[in-house]
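Listed below are the residues making up each chain.
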Amino acid sequence: DAPYLLRVTPSQLKQMNGRKGRDAWTALGGMVYNITPYVPFHPGGKGELLRCAGKDGNKLFNEVHSWVNYDNMLSACRIGIMVEENASTV
Ligand code: HEM
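Every value quoted in this text rests on a predicted model; they were computed, and no experiment measured them.

Colleague: Can you explain unusual backbone geometry? Please cite residues and give values.
Modeller: You will see that Lys20, though not glycine, has its phi angle at about 50 degrees, which is positive. Secondary-structure assignment places Lys20 in the loop between helix H1 (10-15) and strand E2 (25-28).

Colleague: Account for the site of the ligand, naming residues and giving values.
Modeller: Not every one of the 17 residues close to the ligand is listed here, only the nearest: Tyr38, His42, Glu48, His65 and Trp67. Within the contact set of the ligand, a nitrogen atom lies 2.8 Å away from a side-chain nitrogen or oxygen of His65. In this structure, an oxygen atom belonging to the ligand sits 3.3 Å away from a side-chain N or O atom of Trp67. Taking a 2 Å distance to the grid points as the criterion, the majority of the atoms of the ligand fall inside the largest pocket. Contributions of two or more residues to the shell around the ligand are made by helix H2 (46-49) and helix H3 (58-65). When residues in the shell around the ligand are grouped by element, the largest group, four residues, is from H3.

Colleague: Now, about the coordination of the iron atom of the ligand: what can you tell me, with residues and values included?
Modeller: Put simply, a metal with four donors set out as a tetrahedron has ideal angles of 109.5 degrees, and one with six donors set out as an octahedron has ideal angles of 90 or 180 degrees. Distances from the iron atom of the ligand to its protein donors, His42 (NE2) and His65 (NE2), fall within 2.0 Å. Considering all six donor atoms around the iron atom of the ligand, angles at the metal cover 88 to 179 degrees and the coordination shape is octahedral. Of this pair, His42 sits in the loop between strand E3 (31-34) and H2 while His65 sits in helix H3; the two residues are 23 residues apart in sequence, bridging distant segments of the chain. Residue His42 is classed as buried on the basis of its relative accessible area, which comes to 15%.

Colleague: Can you lay out the layout of surface pockets for me, pointing to particular residues and giving the numbers?
Modeller: When its volume is computed, the largest pocket comes out at roughly 400 Å³. Every residue lining the largest pocket is counted, 21 residues in all, and those nearest its centre are His42, Leu49, Phe61, Val64 and His65. Broken down by element, the residue count for the lining of the largest pocket peaks at five residues, all from H3. In terms of residue class, the lining of the largest pocket is made up of 13 nonpolar, five polar and three charged.

Colleague: Describe the packing of aromatic side chains, naming the residues involved and giving the relevant values.
Modeller: A ring pair, where both rings are aromatic, is described by two values, the distance of the centres and the angle of the planes. Taken as a whole and judged by the stated rule, the model has two aromatic pairs. Measuring from ring centre to ring centre gives 5.2 Å for Phe61 and Tyr70, while their planes differ by 80 degrees; the resulting arrangement is edge-to-face. For the pair Phe61 and Tyr70, a shared accessibility class is recorded, and that class is buried. Taken together, the aromatic side chains of Tyr33, Phe61 and Tyr70 make up a single cluster linked through ring pairs.

Colleague: Pulling in residues and values, what's your account of the side chain of Arg78?
Modeller: Along the chain, Arg78 falls in strand E5 (residues 78-82). Here the side chain of Arg78 touches Asp71 through a polar contact of 3.0 Å, side chain to side chain.

Here is what the cut-offs are and how they apply
- Residues numbered from 1 in each chain as written.
- Predicted model: local features only at pLDDT ≥ 70, side-chain atom pairs only at ≥ 80, totals over all residues.
- Heavy atoms only, no water.
- Helix = DSSP H or I, 4+ residues; strand = E, 2+ residues; numbered from the N terminus.
- Near = heavy atom within 4 Å.
- Polar contact = N/O pair within 3.5 Å; in protein donor to acceptor, adjacent residues only side chain to side chain.
- 1 Å grid on protein atoms, 1.4 Å probe; cavity = no way out; pocket = protein on both sides within 12 Å on 5 of 7 lines; lining within 4 Å.
- Sits in = over half its atoms within 2 Å of the grid points.
- Donors = N, O, S within 2.8 Å, 3.2 Å for Na, K, Ca; no water.
- Tetrahedral: all angles 85-135°; square planar, octahedral: opposite > 155°, others 65-115°.
- Buried < 20%, exposed > 50% of the residue type's maximum accessible area, 1.4 Å probe, protein only.
- Points joined across faces, edges and corners; volume = space filled by probe spheres on them.
- Nonpolar A, V, L, I, M, F, W, Y, C, P; charged D, E, K, R; others polar.
- Phe/Tyr/Trp six-rings, centres within 6.5 Å; stacked < 30°, edge-to-face > 60°.

From the geometry alone we can't say anything about function, so treat these as descriptive.
Following this line, the structure appears as C-alpha cells:
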C-alpha cells in the first residue's frame, strides 16, 4: 500500500488518461487506482481496460463484471480518494 492517499479532484483524474506518457488512473467506489501496472494483466485486454482511464469507471466496470473484487485485486494500485472539485488539498 501507498503510505498515504492522495485527494484527487475530477479534473485531476481527467488528466490521467494513460495518454501522452501519463499514467492511467480510474476511480472505483470513490477510491482512485493507478491501473498502469495492471494493464498487461487485464484478462479483457488493454483497450477495454483503458476505456475507464481518466474517469469514473464504475459504470463500465459493472456492466462487464460487477462480481470482480477490484479493491482486492488493485490494492497495490490504490493511490487516492475522490474529493469534490473545490475541496481543500490539506
Ligand atoms: C475480464 C478485472 C476494468 C472489460 C476481466 C476479468 C478480471 C478483470 C479479473 C476476468 C473475469 C472473469 O473471467 O470472470 C478488471 C479490473 C478492472 C477492469 C480489476 C479495473 C479497472 C474493465 C473495464 C472494462 C473491462 C473498464 C471495459 C470497459 C473486460 C472484459 C472482460 C474482462 C470485456 C472479459 C474478457 C474475456 O472473458 O474474454 N476483467 N477489469 N474491464 N474485463 Fe475487466
